[in-house]
Amino acid sequence: MRYDNDDADIKNTEKILWVELGGIGDVAQGIADIKLLKGRHPGVEVWMLTKPQWKDFVSSQPSVDGVIVGDKKPFKVLLSTARQIRKYKFDRMSDISAGGGHSLMLQMFCRVPYLLPLTTKRPREEAALDISEESRRRAEDLLKSLPDKRVFVCIGCGGTSLKVWPVENWIR
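Attention in this report is confined to the structure presented alongside it. Here the structure is a predicted model, which means the values were calculated and not measured. (Residues numbered from 1 in each chain as written. Predicted model: local features only at pLDDT ≥ 70, side-chain atom pairs only at ≥ 80, totals over all residues. Heavy atoms only, no water.)

Moving on to the overall build of the chain. Regarding its fold elements, the chain presents 6 helices and 6 strands. Across the 172 residues in the chain, those meeting the buried criterion constitute 33%. Of the contacts formed within the chain by residues at least 6 apart in sequence, a portion of 61% connects residues at least 24 apart. Carbon and sulfur atoms provide 56% of the accessible area of the chain, an area that totals close to 11400 Å². (Helix = DSSP H or I, 4+ residues; strand = E, 2+ residues; numbered from the N terminus. Buried < 20%, exposed > 50% of the residue type's maximum accessible area, 1.4 Å probe, protein only. Contact = heavy atoms within 4.5 Å. Areas by Shrake-Rupley, 256 points an atom, 1.4 Å probe, with all protein chains shown as cover.)

So this is what it looks like as structure tokens:
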């Protein structure tokens with residue numbers, strides 16, 4: 001098992017598993033990171049391990065080559081997830097979550113030789129997520145049906161201080 005923190009030595013023929021078992025924001029950020037990684041390494045094949053509720057969303061993204069549904073907890077589920085992952089023979093695995101020991105156990109049970117905690121430069125200058133034209137039209141129709149004065153509320157805001165937006169920024 002080897003630990004890398006740079007993607008410079010990735011070969012364009014590698015198969016990478018991106019572990020993203022958080023909420024929808026974490027999954028969206030992971031997809032954006034995959035898109036940037038594939039921009040630097042166009043030949044890599046990148047799959048995402050995610051929770052069942054995000055499978056359809058992740059599958060709809062052209063930058064993601066495949067989706068595996070699973071989790072790292074409880075231990076019995078971790079073992080089942082590792083069995084699924086082993087079938088695909090990944091060259092590397094990226095898991096930047098706060099999974100600690102569970103992340104290490106998942107990597108060991110999956111027998112993935114390299115753990116690659118990839119991070120990307122932010123903010124991005126181009127759209128990172130893709131939606132179908134039908135979904136875009138439905139969203140536009142929904143927004144047109146709303147009154148002129150709109151209030152958007154975002155419930156919850158992640159677990160780090162970087163994700164907390166001051167109240168004065170919400171008021172207009």
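More follows now that the structure is in view.
Glancing now at the side chain of Thr 50. The topology assignment puts Thr 50 in strand E3 (residues 45–50). A polar contact is formed between the side chain of Thr 50 and the backbone oxygen of Glu 20, at a distance of 3.1 Å. (Polar contact = N/O pair within 3.5 Å; in protein donor to acceptor, adjacent residues only side chain to side chain.)

One can describe the packing of helix H3 (residues 75–86) onto helix H4 (residues 101–110) by two numbers: an axis separation of 8 Å at closest approach and a directional angle of 40°. With respect to H4, the element H3 is oriented oblique. Here H3 and H4 pass one another in a crossing that is right-handed. Contact with H3, carried on its side by Phe 75, Leu 78, Leu 79, Thr 81, Ala 82, Ile 85 and Arg 86, involves His 102, Met 105, Leu 106, Phe 109 and Cys 110 of H4 and no other residues of that element. Taken together, the residues of the contact of H3 with H4 break down into 9 nonpolar, 2 polar and 1 charged. (Axes fitted to C-alpha atoms, helices over the stretch in contact; angles between N-to-C directions. Parallel < 35°, antiparallel > 145°, perpendicular 65-115°, else oblique. Left-handed = near helix turned anticlockwise from the far one by under 90°. Nonpolar A, V, L, I, M, F, W, Y, C, P; charged D, E, K, R; others polar.)

Spatial relationships are all this shows, so hold off on functional conclusions.
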